[in-house]
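Here is what each chain is made of, one letter per residue.
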Amino acid sequence: MDNKGQLYIEYIFLFIIVIMIILISVQLISEENELNIALNCAKSGAYEGTLVDSISIYSIKEYNSLYSNRHLFNPKRIKILKIDYYKSNYNSSFKKINIEIKVTATSDFNLSNTEKSTLSQIINNRIRRSIVYGFHNEDKTDAPYYNICYSNRFVYRTEDVNWV
C-alpha cells in the first residue's frame, strides 16, 4: 500500500515538471515566432524599398524628400545583401525589448553619402511599414513615417543601411 502512494506522488511530480517544461517551451517558441514574423516582414519591406528605389516610383512624401536629388529618379539597381538583427536594451516607454534591424545593400549607381542616407531612409521606412502591417498595428502608428513599430513583445528600430 505504501508503494502505491509513493508511485502516485512521483507521477504527480513528473506531471508538474512536464507542465513546467511545456509552459517554458511555449513562451520561447512564441517569442521566436514573433521574431520570425517581424524578420520576414522586414525582408519583404527591404525588398519593396529597393524595388521602389530601383524603378524610382515614390510616394508623395518620398518624392518631396528626393526632389533636390533629381538624378536619384533615374532607374538604378540596388541589391540587399544581408538583413541582421540584434536585441538591445529594454524600452521602458513601451515596456518591451528593442530589436535593432540592420540592412546591408549595394548599388551599381555611384551614390554620395547624402544620397545613400536618403535611399536608406526609404528602405527603412518600408521595413517599418511592413512590420506595422504584419502585426496589424496600422492604427497605432504615425503613418506615413512608421517611426513607432512594435509587436506584442518587441519594439523594432532600423539603423542606417550599410552600403558596400
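Scroll up to find the structure this text is about.
Overview of the structure. (Residues numbered from 1 in each chain as written. Predicted model: local features only at pLDDT ≥ 70, side-chain atom pairs only at ≥ 80, totals over all residues. Heavy atoms only, no water.)

## Quick notes on the overall build of the protein
For the record, the criterion: Segments assigned H or I by DSSP are reported as helices when at least four residues long, segments assigned E as strands when at least two residues long, and all are numbered from the N terminus. Partly exposed residues are those whose accessible area sits between 20% and 50% of the maximum for their type, while under 20% is buried and over 50% is exposed, using a 1.4 Å probe and protein chains only. Each accessible area is a Shrake-Rupley result for a 1.4 Å probe, and residues are judged covered by the shown protein chains and nothing else.
Within the protein one finds three helices and four strands. Along its sequence from the N terminus, the protein presents helices and strands in the succession α-α-β-β-α-β-β. For the protein, the residues scored as buried account for 37% of the 164 residues in total. Counting every atom, the protein has about 10300 Å² of accessible surface; 57% of that belongs to carbon and sulfur.

## Considering the nonpolar core
The test is simple: The definition of a nonpolar core used throughout is a set of buried Ala, Val, Leu, Ile, Met, Phe, Trp, Tyr and Cys residues joined through side-chain atoms within 4.5 Å.
Ile101, Ile127, Ile131, Tyr156 and Trp163 are the most contacted members of the largest nonpolar core, which has 26 residues in total. Every element with two or more residues in this core is listed here: α1 (2–55), β1 (78–91), β2 (96–107), α3 (113–134) and β3 (154–158).

## Comments concerning the pattern of salt bridges
Applicable threshold: Each salt bridge in this description consists of a side-chain nitrogen of Lys or Arg and a carboxyl oxygen of Asp or Glu lying within 4 Å of one another.
Counting across every chain of the model gives five salt bridges. Among the ionic pairs, Arg153 bridges to Glu34, the shortest N-O distance being 3.0 Å. One end of the pair, Arg153, is in the loop between α3 and β3; the other, Glu34, is in helix α1, and 119 residues separate them in sequence. Judged by relative accessible area, which is 24%, Arg153 ranks as partly exposed. A salt bridge links Asp84 to Lys82, with the nearest nitrogen and oxygen atoms 3.7 Å apart. Of the residues examined, Lys82 reaches a relative accessible area of 44% and is grouped as partly exposed.

## Brief notes about a nonpolar patch on the surface
Condition: Patches here: salt-bridge-free residues with over 30% relative accessible area, like charges joined within 9 Å, nonpolar side chains (Val, Leu, Ile, Met, Phe, Trp, Tyr) joined within 5 Å.
A contiguous nonpolar surface patch, about 1100 Å² in accessible area, is contributed by Tyr8, Ile9, Ile12, Phe15, Ile16, Val18, Ile19, Met20, Ile22, Leu23 and Val26. Tracing the sequence through the fold places Met20 in helix α1. On the basis of relative accessible area, Met20 is assigned to the partly exposed category, the value being 48%.

## Brief notes about the pairing of β1
Heads up, the rule is: For two strands to be treated as a pair, DSSP must find at least two bridges joining them.
Pairing between β1 and β2: eleven bridges, direction antiparallel. Bridging across to β2, Lys79 finds its partner in Thr106. Linking β1 back to β2 in an antiparallel pair, the connection comprises four residues, with Lys95 at a positive phi of about 60°.

## Re the side chain of Ser130
Spelled out, the test is: Whether two residues touch is decided by their heavy atoms; if any such pair falls within 4.5 Å, the residues are in contact.
Inspection of the secondary structure puts Ser130 in helix α3. The residues contacting Ser130, other than those within four sequence positions of it, are Cys41, Ser44 and Gly45.

## As for α3
For clarity, the cut-off: Residue count minus one, scaled by 1.5 Å, sets the expected span of a helix.
For α3, spanning 22 residues, the distance from its first C-alpha to its last is 31 Å, which sits close to the expected 32 Å at 1.5 Å a residue. Once α3 ends, the next one or two residues include His136, with phi positive near 55°.

## Remarks on the packing of aromatic side chains
For clarity, the cut-off: Only centres within 6.5 Å qualify two rings of Phe, Tyr or Trp (six-membered ring in Trp) as a pair; their planes then separate them into stacked at under 30 degrees, edge-to-face at over 60, and tilted for everything else.
Inspection of the entire model under this criterion finds four aromatic pairs. On the numbers, 6.2 Å between centres and 10° between planes, the contact of Phe135 with Tyr156 is stacked. One end of the pair, Phe135, is in the loop between α3 and β3; the other, Tyr156, is in strand β3, and 21 residues separate them in sequence. Phe135 sits in the buried class, given a relative accessible area of 18%.

## As for unusual backbone geometry
Here Lys95, not a glycine, exhibits a phi torsion of approximately 60°, which is positive. Tracing the backbone shows Lys95 in the loop between β1 and β2. Backbone geometry at His136 places phi at a positive 55°, although glycine is not the residue there. By the secondary structure assignment, His136 is in the loop between α3 and β3.

## Some points on the environment of Lys76
Mapped onto the secondary structure, Lys76 falls in the loop between α2 (60–66) and β1. Lys76 gets classed as buried once you look at its relative accessible area, which sits at 6%. Along the chain, Lys76 and Asp108 lie 32 residues apart, while their C-alpha atoms are 6.9 Å from each other.

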